[in-house]
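Each chain is listed here by its residues.
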There are 2 protein chains.
Amino acid sequence: MSVGVASARPRIGLDIGGTKLEAISLDPAGAVTGSLRLPTEPGEAAVLRSSELAVRTLAERAGVPLDGFASVGIGIPGRIDRRSGIVHDAVNLGVRSLALGPDLSARIGLPVTLDNDVTAAAVGAVSLLGLRGTAAYLNLGTGLAAGIVVDGVPWRGGTGIAGEIGHLPFDSAGLPCACGQRGCLETAASGSALKRTWPAGGEHPGRVLLAAIAAGDPDARHAFDRLVSGAAHCVQLLALSIDPSAIVIGGGLRLLGAPLLDGIRAELAARAATSPFLAGAALAERVRLLDGDSPAAAVGAALSADR
Amino acid sequence: MSVGVASARPRIGLDIGGTKLEAISLDPAGAVTGSLRLPTEPGEAAVLRSSELAVRTLAERAGVPLDGFASVGIGIPGRIDRRSGIVHDAVNLGVRSLALGPDLSARIGLPVTLDNDVTAAAVGAVSLLGLRGTAAYLNLGTGLAAGIVVDGVPWRGGTGIAGEIGHLPFDSAGLPCACGQRGCLETAASGSALKRTWPAGGEHPGRVLLAAIAAGDPDARHAFDRLVSGAAHCVQLLALSIDPSAIVIGGGLRLLGAPLLDGIRAELAARAATSPFLAGAALAERVRLLDGDSPAAAVGAALSADR
């Protein structure tokens, strides 16, 4: 695999999520030169409109005409057909089917590529952290998925399911998963799992979890331990399958910060304490945490335009 | 990654196991042109002696002088240092440390490369089956491990643990594993697991398991079901992490043949019946079985000399 030759013009990257759209411009060397956030509204028309507005506003602020940019890359949840530029079933965005690539391209006159949001975040995280070789990215978001990046290029797999480790069962007596199986890793290590195992945490349990644990809430503690244990299992799984030199924790739950990272490392260390083999694999040392305000998916989307 | 330019001279591949050494010669197009088997005896000196004898005998039978061959590739269990050509801790061969690469090279005057036996078998299986793109190989041997092959080249990972999925726990209440953890996949889907869960099967339970099941032995049935369930879990794990187009079942237990393949496919189909997501991933269709008499590891070792 080889990385495409970077354009000499700056690129734009968009990360479209359920509540906000994050946009960045990237200079040819890969440095972020501008950024903005817009709230998003549900529906095909609104997503297209916000995307156009974000691109035009970024260009205006930079004082660069639209054709001064090389490309726009978009990271978006849902099923992505990269070839046609169509996104299907982006449920959180209220999008059933949208030809976002061609439709936005027609409005702004630039090539537009789409990528899965987790894949884009993986590429962006690896670039922002300056990682080389093989790295993995573990997205603890509403759902759970991983991205694999080899020499800066996302590992796309043969059929579009690479990195979907959230739907591997790890607890046969576990909770039913939205995918139809039981006890999937996603039922332990994700935002949706947290809401379910700790309903007292409300709509955004990740924001209040640590305070509740500090206040002695045993249910909050249980939900956190389950999250940590599932995430550690994912780290071990990624290490023992593709053997990446680094595994970066990202997604919305990265806002749990140091307690999350320390918890995962402690769980890996406990596993290694029973097993010389695992100890030799040095799993805890491979884990990194993506900064809370890092625009990884937008950066990765901009970079993915030529990968 | 790119495949090295194949030499115009034939190559030799050796697969050194606990009871036999299999040797093949491969023409420049990758076809097997000669093969032989020798019994092996334990110990460093015996392994080196058998290797030299195999190479000389193959060359003699082909009527080609030793320097008419390009290289010798060796697949061998244990910890391999490819750079130095040293193998450590090949327990089943009674080898603690042997500089097999340089020592054999000095005796025969050809470059000699070593590779892990599972990696070699993965490369060979993919070549023999004519698979392209990304493929995985699941070795159900005494232990359990996988090999990943991308465009014919083995995925070696960053630190030598790529494919070691046998040491991922999948049953926290499970049996202790030789690695120190509990309930590892290897405690379900391997020859050592079979011996342990069905001691009545004796030293080589795989050879008598199907007959015992046919005769109505419930313990044999249980051991088989556990093997199939663990192997199916491995297939799902490989599919949801690296998304290979094919997953080839190999290793000694492939001698269980169609019942093994059918059992794994049935287990995957049962899982898919509960999950539209899994059904869409078409796991059962990706599984293949390596032929019982296929010299995959010897072929892969010969090919790996330039990969």
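Residues numbered from 1 in each chain as written. Chains lettered and ligands numbered in written order. Predicted model: local features only at pLDDT ≥ 70, side-chain atom pairs only at ≥ 80, totals over all residues. Heavy atoms only, no water.

As recorded by an unreviewed UniProt entry, chain A carries the name ROK family protein and is attributed to Leucobacter iarius. Turning to chain A, the UniProt annotation filed under Sequence similarities (unreviewed entry) states: "Belongs to the ROK (NagC/XylR) family." (UniProt positions renumbered as here; feature names shortened; annotations may be inferred.)

Undergrad: Would you take a moment to explain the domain arrangement of chain A for this structure?
TA: How large an interface is tends to be reported as the accessible area lost when its parts come together. Residue and element names in this part refer to chain A. As far as domains go, chain A holds domain 1 (11-122 + 295-304) and domain 2 (130-289). Here the C-alpha centroids of domain 1 and domain 2 sit 27 Å apart. In this assembly, seven residues from domain 1 lie in contact with eight residues from domain 2. Summing both partners gives a buried area of about 630 Å² for domain 1 against domain 2, and 65% of it is carried by carbon and sulfur. Viewed at the interface, domain 2 and domain 1 are joined by one salt bridge. For D115, the salt bridge goes to R156, with nearest N and O atoms at 2.9 Å. Inspection of the region where domain 1 meets domain 2 yields one residue pair in polar contact (both at pLDDT 80 or more). Ranked by residues supplied to the side of domain 1 that touches domain 2, first place goes to helix α3 (residues 117-128) with four residues. Class assignment of the residues belonging to the side of domain 1 that touches domain 2 gives a composition of three nonpolar, two polar and two charged. (Domains from an automatic or database assignment. Contact = heavy atoms within 4.5 Å. Buried area = accessible area lost by both parts, 1.4 Å probe. Salt bridge = Lys/Arg side-chain N within 4 Å of Asp/Glu carboxyl O. Polar contact = N/O pair within 3.5 Å; in protein donor to acceptor, adjacent residues only side chain to side chain. Helix = DSSP H or I, 4+ residues; strand = E, 2+ residues; numbered from the N terminus. Nonpolar A, V, L, I, M, F, W, Y, C, P; charged D, E, K, R; others polar.)

Undergrad: Would you mind showing me how to read the pattern of salt bridges here?
TA: Pairs can form between side chains of opposite charge once their charged atoms are near each other. All names here are of chain A. Applying the stated criterion to the full structure yields 20 salt bridges over all chains. The salt bridge partner of E203 is K195, with a shortest N-O separation of 2.7 Å. Take E203: its relative accessible area is 54%, and that puts it in the exposed class. Here the salt bridges share partners, and the residues they tie into one network are E52, R56 and R107. (Buried < 20%, exposed > 50% of the residue type's maximum accessible area, 1.4 Å probe, protein only.)

Undergrad: Please clarify how helix α5 (residues 205-214) of chain B should be interpreted in this entry.
TA: Every α-helix carries 3.6 residues per turn, so stepping three or four residues along brings you back to the same face. Residue and element names in this part refer to chain B. Those residues of α5 lying buried are P205, L209, A212 and I213. Projected onto a plane normal to the axis of α5, the buried residues spread over an arc of 95° and lie on a single side. Opposite its buried face, α5 presents the exposed residues R207, A211 and A214, each directed more than 90 degrees away. Among the structural elements, α4 (191-197) and α6 (218-242) are those in contact with the buried residues of α5. (Arc of directions from axis to C-beta.)

Undergrad: I tried to follow the packing of helix α6 (residues 218-242) of chain A against α6(B) on my own but got confused; where do I start?
TA: When two helices pack together, their arrangement is given by the angle between the helix axes and the distance between those axes. Contact geometry for α6(A) and α6(B): axes closest at 11 Å, N-to-C directions at 90°. With respect to α6(B), the element α6(A) is oriented roughly perpendicular. Contacts between α6(A) and α6(B) involve L237(A), S241(A) and I242(A) from the former and L237(B), S241(B) and I242(B) from the latter. (Axes fitted to C-alpha atoms, helices over the stretch in contact; angles between N-to-C directions. Parallel < 35°, antiparallel > 145°, perpendicular 65-115°, else oblique.)

Undergrad: I would appreciate a short explanation of helix α3 (residues 117-128) of chain B in the present structure.
TA: Residue and element names in this part refer to chain B. With twelve residues, α3 ought to run about 16 Å at 1.5 Å a step, and its terminal C-alpha atoms sit 16 Å apart, in line with that. Burial runs high along α3: nine of the twelve residues are buried. Restricting attention to buried positions, one finds in α3 the residues V118, T119, A120, A121, A122, V123, G124, A125 and V126. Its side-chain oxygen 2.9 Å from the backbone nitrogen of V118, N116 forms the N-cap of α3. (Expected span 1.5 Å × (residues − 1).)

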